[in-house]
Amino acid sequence: MPLSRAGTLGIDFGTSNSAMAWADAQGTARLIPLEGEALAMPTAVFFNAEDQRTHFGRDAVAQYLAGTEGRLMRSLKSLLGSSLINETTEVNHHTMRFLDVVSTFLAALRERASAELGTAPRQVVMGRPVHFVDDDAVRDAQAQASLQQAAQAAGFDDVSFQLEPIAAALDYERRLNTEALVLVVDIGGGTSDFTVVRLGPQRMQRADRSSDILATTGVHIGGTDFDRQLSLEQVMPLLGYRHRGPQQREVPSRVFFDLATWHLIHWLYLPRAISQAQGLRVNYSDVALHERLMKVLRERHGHHLAHEVEQAKIRCSQTGAPTRIDLGFLEAALHAPLGPADLQEHLGALLARTVDCARHCVQAAGSTPDAIYLTGGSSALRPFQQVLQSAFPAVPLIEGDLFGGVASGLAYTQA
């Protein structure tokens, strides 16, 4: 397939979901379908041990939930900036670097872009958060370097980067007919980023937009952190979290924190981790709770559990009504309740820290925005929007393309 030099591909490689957009030589961007007509897909890879195929996105999650033997990997972006990214893991009896898993996913995106465009894109603008790692410039730089290396290994020979909230602003600007000062709020799976920027039809023509960006801030909190907290509070007690044993001491909690964290779950399936979990039995008064924990680990239900927590969070937020976290795959009729009050109570501290970051961005800009533009899947969380609106009561919230806006803006960056 011929290489393309006639446009720019933007890739929003997200912690939870990813999207792509292509801008042609005339500068018109369009999102690229990734799974059927879906314009975004879960950042998930499943290595099938039965037929040795590799699955991506919804297909990867479906294979895992169907009980296919293999290895599911999600939240890959969370590894960037950590020492784990260059470590190896076992995949179907072979060792593989985590960085190579990221590259495998990006190569799948490039292949889908090539099929849609009829040409293999060589140039890509990758999105990046304001901070991959909070308060550590060295690790932050390492994270971007790792992502660049993965993109090059996937077949891109011209890799550049743009801040994700800036990309979202560039996409939103295309829909404005007057100038506005906008607070762009990008709440993804792993990070929350904020930018105060001047946007408008006249400014859009400028080659240098640096003077339009008044402030940027970011914090390493996102949707997977919300899922983790809800899992700890609503589900893990059913496996023994905060349970007191014969000597009235709580069961050691590390296993529960790891089990509630997407990118750490797979470590709990190793023989050593299972042996350590088995040794916790003496800390339980109710051994049925320990048996549940061991079933999750031995039968590798950790990702299924995390998936059910995520889906229940989404349902509860969208409907504003109580729902259930379905745990029937562990025991018949087993479930954990989840209601709007639980979201408010358990996520309150995380949401407060996130909105504080937005406040700091506006304070640094020195001006009150005319509008707040929301992008990123987790920005749709109803409790977050309520806390954000309380912080800026007179400023309207505008919900953009939650999953595709950043990708489109990335393609506009060098179109």
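We now turn to the structure provided with this report. Predicted, not measured: the structure shown is a model, and the values here were computed from it. (Residues numbered from 1 in each chain as written. Predicted model: local features only at pLDDT ≥ 70, side-chain atom pairs only at ≥ 80, totals over all residues. Heavy atoms only, no water.)

This part is about the overall build of the protein chain. Along its length, the protein chain carries 12 helices and 20 strands. Computed over C-alpha atoms, the radius of gyration of the protein chain comes to 22 Å, within 12% of the 22 Å expected from 2.2 N^0.38 for 415 residues, which places it in the range of a compact globule. For the protein chain, the spread of C-alpha atoms along the three principal axes comes to 70 × 55 × 40 Å. Looking at the 415 residues of the protein chain, the share that counts as buried comes to 57%. Sequence separation of 24 or more characterises 66% of the internal contacts of the protein chain that already satisfy a separation of 6 or more. Summed over all atoms, the accessible surface of the protein chain reaches about 17400 Å², with 48% contributed by carbon and sulfur. (Helix = DSSP H or I, 4+ residues; strand = E, 2+ residues; numbered from the N terminus. Rg over C-alpha atoms; globule rule 2.2 N^0.38 Å. Buried < 20%, exposed > 50% of the residue type's maximum accessible area, 1.4 Å probe, protein only. Contact = heavy atoms within 4.5 Å. Areas by Shrake-Rupley, 256 points an atom, 1.4 Å probe, with all protein chains shown as cover.)

Moving on, we come to the pairing of strand β10 (residues 94-97). Relative to β10, strand β9 (residues 88-91) runs antiparallel, the two sharing 4 bridges. Residue pairing in the sheet places T88 in a bridge with R97 of β10. (Pairing = 2+ DSSP bridges.)

The next thing to look at is the packing of aromatic side chains. One pass over the structure, following the stated rule, counts 6 aromatic pairs. On the basis of an interplanar angle of 50° and a centroid distance of 6.0 Å, the ring pair of F13 and F105 is categorised as tilted. Of this pair, F13 sits in strand β2 (residues 7-13) while F105 is found in helix α2 (residues 98-117), placing the two residues 92 residues apart along the sequence. With centroids separated by 4.2 Å and ring planes inclined at 15°, the aromatic side chains of Y172 and Y373 adopt a geometry described as stacked. Taken together, the residues span a long stretch of sequence, with Y172 in helix α4 (residues 164-173) and Y373 in strand β19 (residues 371-375) at a distance of 201 residues. Note on accessibility: Y172 and Y373 belong to one class, buried. By way of ring pairs, the aromatic residues F13, F56 and F105 are connected into one cluster. In this structure, R110 packs its charged tip against the face of F156, placed 5.4 Å from the ring centre. (Phe/Tyr/Trp six-rings, centres within 6.5 Å; stacked < 30°, edge-to-face > 60°. Lys NZ or Arg CZ within 6 Å of the ring centre and 35° of its normal.)

Strand-to-strand pairing in sheets goes through backbone hydrogen bonds, with the strands running parallel or antiparallel. On the basis of which strands lie adjacent, the open sheet formed by 5 strands has the order β16-β15-β14-β19-β20 and mixed pairing. Two strands in the sheet have a free side with no partner beyond their single neighbour: β16 (213-219) and β20 (397-399). For this sheet, the mean inter-axis angle between neighbouring strands, taken without regard to orientation, is 20°. (Axes fitted to C-alpha atoms, helices over the stretch in contact; angles between N-to-C directions.)

Once that is clear, we can look at helix α5 (residues 223-235). Taking 1.5 Å of rise per residue, the 13 residues of α5 would be expected to cover 18 Å, and the 17 Å separating its terminal C-alpha atoms lies within 8% of that figure. Among all positions of α5, only G223, T224, F226, D227, L230, S231, L232, Q234 and V235 are buried. (Expected span 1.5 Å × (residues − 1).)

Turning to the sheet that holds strand β6 (residues 44-48), a few remarks are in order. Read across the open sheet, the 3 strands follow the order β7-β6-β8; overall the sheet is antiparallel. The open sheet has two edge strands with one neighbour each: β7 (54-56) and β8 (70-74). Here the strands of the sheet are splayed against their neighbours by 15° on average, with no regard to which way each runs. The pairing of β6 with β7 spans 3 bridges and is classified as antiparallel. The residue of β7 that forms the bridge with V45 is F56. Across the sheet, helix α1 (residues 57-65) is in contact with β6, β7 and β8; its angle to β6 comes to roughly 50°. Along the sheet, α2 contacts β6, β7 and β8; its crossing angle with β7, the most-contacted strand, is approximately 70°.

Next up on the list: the side chain of T191. Mapped onto the elements of the fold, T191 is located in the loop between β14 (180-187) and β15 (192-199). Leaving out residues up to four positions away in the same chain, T191 has contacts with P129, H131, E164, D186, V219, H220, I221 and G222.

We now examine the pattern of salt bridges. For the structure on display, the rule yields 20 salt bridges. Notably, a salt bridge pairs E173 with R209, separated by 2.7 Å at the nearest N-O pair. A residue pair is termed long-range when its members are at least 10 positions apart, and E173 in helix α4 and R209 in the loop between β15 and β16 qualify at 36 residues. The same class applies to E173 and to R209, which are both buried. Two residues, R203 and D212, come together in a salt bridge whose shortest N-O distance is 2.4 Å. Judged on exposure class, the residue R203 and its partner D212 are both buried. Salt bridges sharing partners connect three or more residues here, namely E173, E179, R203, R209 and D212. (Salt bridge = Lys/Arg side-chain N within 4 Å of Asp/Glu carboxyl O.)

Right, let's talk about the packing of α1 against helix α9 (residues 302-319) for a bit. Each pair of packed helices can be summarised by the angle the axes make with each other and by the distance between the axes. Packing of α1 against α9 brings their axes to within 10 Å, and their N-to-C directions diverge by 120°. Considering their axes alone, α1 and α9 lie oblique with respect to each other. Note on packing geometry: the crossing formed by α1 with α9 is left-handed. Here V61, Y64 and L65 of α1 come into contact with α9, specifically with G302, H303, H304 and H307. Within the contact of α1 with α9, the residues separate by chemical class into 3 nonpolar, 4 polar and no charged. (Parallel < 35°, antiparallel > 145°, perpendicular 65-115°, else oblique. Left-handed = near helix turned anticlockwise from the far one by under 90°. Nonpolar A, V, L, I, M, F, W, Y, C, P; charged D, E, K, R; others polar.)

So far we have only geometry, and geometry alone does not tell us how the molecule works.
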